[in-house]
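The primary structure of each chain is shown beneath.
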Amino acid sequence: MTDQKPIHSAVLVKQVPDTHNITGEVMTKDGTMNRNALPAIFNPEDLNALEMALQIRERRGGTVTVITMGPPKAANVLRDALFRGADRVILLTDRKFAGADTLATSYVLKCAVEKAGPFDLLFCGRQAIDGDTAQVGPQLAEKLGIPQITYAETIVEISGDQIVAERVLDSGSEIVRCKLPALLTVVGSANTPRPASVRRRIERKLAAAPGEYAAIRAAWPEFESDAQLETYLTAHGLKIAVWTAEDIGASEEQVGLAGSPTQVHKINFVVLESTESKTIPATPEGIAAMVQELVHEYIVG
Amino acid sequence: MSDSFYFDNEDLQFRLAQLDLREVLELKEKGYSEAGKYTAAPRNYADAMDDYKIVLEVLGELCAERVAPRAAEADEEGAHFENGVVTYAAPTLDAIAALKQAELFGAMLPREFGGLNLPESIYQMMVEIVARAESGLMTVFGLQEIASMIDEYGDPETKARVLPKFSRGEVSGAMVLTEADAGSDLGAVATRATLDEATGQWHLNGVKRFITNGLADVSVVLARSEEGSSDARGLSMFLVEKDETVKIRRIENKMGIHSSPTCEIQYNNTPAILIGKRRFGLMRYSMNLMNGARLAVAAQAMGIAEAAYREADRYSKERIQFGKPIRALPAVGRLLLSMRVDTEATRALLAETARWVDLWKVYEKAIGEGGAEADPAARARHKQCQALAETLTPMVKYCSTEMGNRVCYQSMQVHGGVGYMREFNIERLFRDVRITNIYEGTSQLQVVAAIGKLLNRTLDPLLAEWQAAEYPADMAAEKAILVELTAVYQRAVDALKAQSDRDRVDYYACDLVDMAVWLVCSWLVLRDTNVLDAKKPVARAYIASVAPRLRASGEIVTAANPVPLEAISALLG
């Protein structure tokens, strides 16, 4: 495969609240989640998407660019991406982006990808653990006018301008082929994301967006001014690029709340309470009866 | 939040924060002059310490999330041997892959060979974290001493070829010393090294046994290079890069550390490279290797003890008997307290030892580079650091591995019957820890290594410094006890030094080493109370527990009663 041309990839990632470790205190009375009460993490399947891109780079050469849209603190997932192997990271942040639904988000990402590219492959996680919509990836592909392979688990082959990948579906799997450039959404079973490299973490620990300079200087007084820090970061390739709506040429009506037709009609606050209990006799018969009941109620099986 | 064996371990974080490596790093980082040359080199002391924290964070997370969950599986599957080929268990292979991706191999090697140039002090903490996750894996990870030894004594060409492979985790190392008839007595090694005078090539022939990680691609092998010799002075050290002449004959079926393959190796006219000078194989290079490995095994026992304590701590909260969690029962609380205090006191000794080893190494290098003109002050400091490193290393190997065994025993007691069952982690830890006070020199051999130094009063400068230091007012009682115990110890040293019967000195040596361990650990935990109030109960409990035993041992050593020796001849013949 080495005689083939290198592959340039972009991975679109999201910083999400760690909903896997949700607790009672995190939920508000009206059934929404207090995002600030949960640690912000790298969306798990986005890590699988990044890993897939890094593995392709290992086989074929090329670059991996990681892009996220979010508040300034989303720089944390970009640093994590750098520690794990990304070549270049871009933070899309702008007050105008706030309140975006999937349509407005995919529009912003489209503008950013067009500016940062061209890319041979785009990768997204299958879905984010906060919204669980799985829409942004497909919408982005549509907006860019490129083919998409959703639920991708394995890349079978990349040859010439074609990619062959295996998708996992509820009913089984299928192997599909399409032309490059293409967008893949990657499932969690695709791979085991690599850990951060200690060397990369040491080399890139100061990687920062301009909004973070004050915090860095507080920790490292040797940098006496923002300008001095910026010179150092730029010289070492550690300045995280920050792009606004204007930078990517996004139209104001299509971003953020303004560009988001989605409206939350109603929130159902579901309280799960166990009111009754049952004692199962600790005998083979008792256990068999319980299993039968669970199957009958569609709880298992 | 992700799990981490660094962030969940307050005492380890405390030890890192307390490490004073200024003197070490000034030399090791050459005045922080490598920052412009290597992107991962620190700009200053704070930057270096921050880097070390990163190292422990990355490793701590990897071990908690990826290694520890599969420790039972690694033990169950074990290393395989089939048709002369050794393979690691699947979880071991996965762990090695992850450590490689995290670029954690070659930790101590210089940057020019792709290493992280980490000091021994940090490396020991890394070994502890790995061993806590999977004790057998430590023998693959923890053999980085071999690469360091090659770095110290190898020729430039060999170093440039071999060391970058260590840094990338492409090769692992093995320390090939032991033979069937040369265990504790390595001077009896019989594997032959012959020199082809025409080509200048060495070849090895012989069989080595009990070789930890013997499948390694790069081995350092102790062999007899001087024909007709029969003692340690005829031995040299060789480097072997595995090829078809190296045959693994079997792997051992062990009690514990199942994921670590222990091999019997046959060399059949195997090409080898001489390391350093002929005839110095045992005295200099094996000792260098073993000093490093002893510290690593002390850290391994520390990690297992930490794991065992946590198992007991958790179980004692969950297990209800007599209507309450068993930890509320004084008999159980006593076990938990002993474990907790013992682990923290030992961790303090481990950190102190590693620091002296670091100082010794950096001064050794500085003096080597300075040649005969080296600064006399540096020479004096080197001598002092070496004496302390060589005293504290066998002490901490002895102390930590015995402690690890004790803590695992106590943890199993806390578990009661279930602890004896395979389903519980303590059953595995109990088996794994048992090797630590056997390999790299048994506890009995550590006593032999330490006693000569102690009788030479190598600890005196430290004891004097600690006695002269200030401690919190509410620790005055403990300080008074330690001043008294220091005098007890000194009298015991005098008595044993004056003892003319060599057998009696050897017989009572272990009591004196016990005293030294208790005394040094006591001063160290007392010193900790200067910076952390939470260490006060630790220091009080530790000192309360060892003080009476130390006094009793003082009496034993000073009396040096000949009765047991007479009984040995009367009863055992």
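Bear in mind that the values here come from a model prediction, so they are computed numbers and not experimental data.

1. Re the overall build of chain B
In terms of regular secondary structure, chain B is built from 19 helices and 11 strands. For 573 residues, the compact-globule formula gives about 25 Å, and the C-alpha radius of gyration of chain B, at 24 Å, lands near that figure. Counting only C-alpha atoms, chain B reaches 70 × 65 × 55 Å along its principal axes. Within chain B, the fraction of its 573 residues that count as buried is 50%. A sequence separation of at least 24 residues applies to 76% of the contacts in chain B between residues at least 6 apart.

2. Some words on the overall build of chain A
The helix and strand tally for chain A stands at 8 helices and 11 strands. Its C-alpha atoms give chain A principal-axis dimensions of about 75 × 50 × 45 Å. Taken over 301 residues, chain A has a buried fraction of 40%. Nonlocal contacts in chain A, meaning residues at least 24 apart in sequence, comprise 69% of its contacts between residues at least 6 apart.

3. Topic: the packing of helix α10 (residues 281–318) of chain B against helix α13 (residues 425–433) of chain B
All names here are of chain B. Where α10 meets α13, the closest approach of the two axes is 10 Å, and the angle between their N-to-C directions is 155°. Judged by the inter-axis angle, α10 sits roughly antiparallel to α13. By crossing handedness, the relation of α10 to α13 is classed as left-handed. Side by side, α10 and α13 meet where Ala 301, Ile 304, Ala 307, Ala 308 and Glu 311 of the first sit next to Asn 425, Ile 426, Leu 429, Asp 432 and Val 433 of the second. Here the contact of α10 with α13 is built from residues that sort into 7 nonpolar, 1 polar and 2 charged.

4. Some points on the nonpolar core
Within soluble globular proteins, side chains that are nonpolar generally end up buried alongside one another. Of all hydrophobic cores here, the largest spans 251 residues; its most connected members are Val108(A), Met126(B), Phe238(B), Leu512(B), Val513(B) and Ala516(B). The dominant element in this core, judged by the number of residues it contributes, is α10(B), at 19 residues. Shared between two domains, this core holds at least three residues of each, these being domain 1 (173–279) and domain 2 (459–572) of chain B. Leaving out residues up to four positions away in the same chain, Val513(B) has contacts with Met395(B), Tyr398(B), Val447(B), Ala450(B), Ile451(B) and Leu454(B).

5. Considerations on the confidence of the model for chain B
Fine structural detail should not be taken from predicted coordinates in areas where pLDDT scores are low. Looking at chain B, pLDDT values average 95 and 99% of them are 70 or higher. For this predicted complex, the interface confidence comes out at an ipTM of 0.86, alongside a pTM of 0.91.

6. Focus: the interface of chain B and chain A
Listed by partner, the interface residues are 16 residues for chain B and 13 residues for chain A. Counting only elements with at least two residues in the side of chain B that touches chain A, the list comes to α3 (45–67) and α5 (90–101) of chain B. Here the side of chain B that touches chain A takes 5 residues from α3(B), the largest share from any one element.

7. As for the sheet that holds strand β4 (residues 62–69) of chain A
Residue and element names in this part refer to chain A. Within the open sheet, the 9 strands sit side by side as β9-β8-β7-β10-β6-β1-β4-β5-β11. Their pairing is mixed. In this open sheet, the two edge strands, each paired with only one partner strand, are β9 (172–179) and β11 (241–243). Across the sheet, the axes of successive neighbouring strands diverge by a mean angle of 30°, strand direction being ignored. Bridge count between strand β8 (residues 162–169) and β9: 8 bridges; the pairing is antiparallel. Note on β9: the bridge partner recorded for Leu 169 is Gly 172. Relative to the sheet, helix α3 (residues 102–116) contacts β1 (7–13), β4, β5 (88–92), β6 (121–125) and β11, its axis offset from that of β4 by approximately 145°.

8. Considering the pairing of strand β10 (residues 182–186) of chain A
Consecutive residues of a regular strand have side chains that alternate between opposite faces of the sheet. Residue and element names in this part refer to chain A. When you tally the buried positions in β10, you get 5 out of 5 residues, the bulk of the element. Alignment of β6 against β10, held across 5 bridges, turns out to be parallel. In the strand pairing of β10, Cys 124 is matched with Thr 185. Pairing of strand β7 (residues 148–159) with β10, which is carried by 3 bridges, proceeds in the parallel orientation. Looking at the pairing, Ala 152 lines up with Val 186 of β10.

9. A few points about the domain arrangement of chain B
What the domain assignment reports for chain B is domain 1 (173–279) and domain 2 (459–572). In this structure, domain 1 of chain B and domain 2 of chain B have C-alpha centres spaced 40 Å apart.

10. A short note on the pairing of strand β5 (residues 201–212) of chain B
Residue and element names in this part refer to chain B. In the sheet, strand β4 (residues 192–196) pairs with β5 via 5 bridges, with the strands oriented antiparallel. If you follow Thr 194 over to β5, its bridge partner there is His 203. Turn length for the β4-β5 hairpin, with the two strands adjacent in sequence and antiparallel, is 4 residues, and the turn residue Gly 200 shows positive phi of about 75°. As paired strands, β5 and strand β9 (residues 262–275) are joined by 9 bridges and run antiparallel to one another. When the bridges of β9 are listed, Ile 211 appears paired with Cys 263.

11. Remarks on unusual backbone geometry
Omega for the peptide link from Gly117(A) to Pro118(A) comes to 5°, which places this bond in the cis form. In this structure, Pro118(A) sits in the loop between α3 and β6. With an omega dihedral of -5°, the bond running from Leu180(A) to Pro181(A) counts as a cis peptide bond. Residues other than glycine seldom take positive phi values, yet Asn213(B) does so here, at roughly 55°. Structurally, Asn213(B) is set in the loop between β5 and β6 (218–224). According to the C-beta neighbour criterion, Asn213(B) is buried, with 25 such atoms within 10 Å. Here the phi dihedral of Phe322(B) falls at roughly 55°; this positive angle occurs in a residue that is not glycine. Here Phe322(B) falls in the exposed class, since 8 other C-beta atoms lie within 10 Å of it.

12. A few points about α5(B)
All names here are of chain B. Taking 1.5 Å per residue as the helical rise, α5 with its 12 residues ought to reach 16 Å, and the 17 Å between its terminal C-alpha atoms agrees with that figure. Taken residue by residue, α5 has Pro 91, Thr 92, Ala 95, Leu 99 and Gln 101 as its buried positions. Turning to α5, the residues buried within the fold contact α3, α4 (71–77) and α7 (138–141). Note on α5: the residue one or two positions beyond its end, Glu 103, has a positive phi of about 55°.

13. Quick look at the packing of helix α12 (residues 376–415) of chain B against helix α17 (residues 502–528) of chain B
All names here are of chain B. Contact pair α12 / α17: the axes reach a minimum separation of 10 Å and the direction vectors enclose 90°. As judged from the angle between their axes, α12 and α17 are roughly perpendicular. Taking contact as the criterion, the partners of Met 395, Tyr 398 and Cys 399 in α12 are, on α17, Val 513, Ala 516 and Val 517. Residues of the contact of α12 with α17, tallied by class, amount to 6 nonpolar, no polar and no charged.

14. Notes on the environment of Ser219(B)
Residues and elements named next belong to chain B. Along the polypeptide, Ser 219 turns up in strand β6. Taking C-alpha positions, Ser 219 is 5.4 Å from Gly 173, a pair spaced 46 residues apart along the chain. Setting aside anything within four residues of it in sequence, one finds Ser 219 in contact with Gly 173, Ala 174, Val 176 and Val 240.

15. Some words on the environment of Val198(A)
Inspection of the secondary structure puts Val198(A) in helix α5 (residues 198–203). Taking the C-alpha atoms as reference points, Val198(A) and Phe83(A), separated by 115 residues in sequence, lie 7.7 Å from one another. Once you skip the residues sitting within four places of it in the chain, Val198(A) turns out to touch Ile54(B), Val55(B), Val58(B), Ala102(B), Glu103(B) and Leu104(B).

Parameters and conventions
Residues numbered from 1 in each chain as written. Chains lettered and ligands numbered in written order. Predicted model: local features only at pLDDT ≥ 70, side-chain atom pairs only at ≥ 80, totals over all residues. Helix = DSSP H or I, 4+ residues; strand = E, 2+ residues; numbered from the N terminus. Rg over C-alpha atoms; globule rule 2.2 N^0.38 Å. Buried ≥ 20, exposed ≤ 12 C-beta atoms within 10 Å, placed from the backbone. Contact = placed C-beta atoms within 7 Å. Axes fitted to C-alpha atoms, helices over the stretch in contact; angles between N-to-C directions. Parallel < 35°, antiparallel > 145°, perpendicular 65-115°, else oblique. Left-handed = near helix turned anticlockwise from the far one by under 90°. Nonpolar A, V, L, I, M, F, W, Y, C, P; charged D, E, K, R; others polar. Core = buried A, V, L, I, M, F, W, Y, C linked by C-beta atoms within 7 Å. Domains from an automatic or database assignment. pLDDT = per-residue confidence, 0-100. Pairing = 2+ DSSP bridges. Expected span 1.5 Å × (residues − 1).

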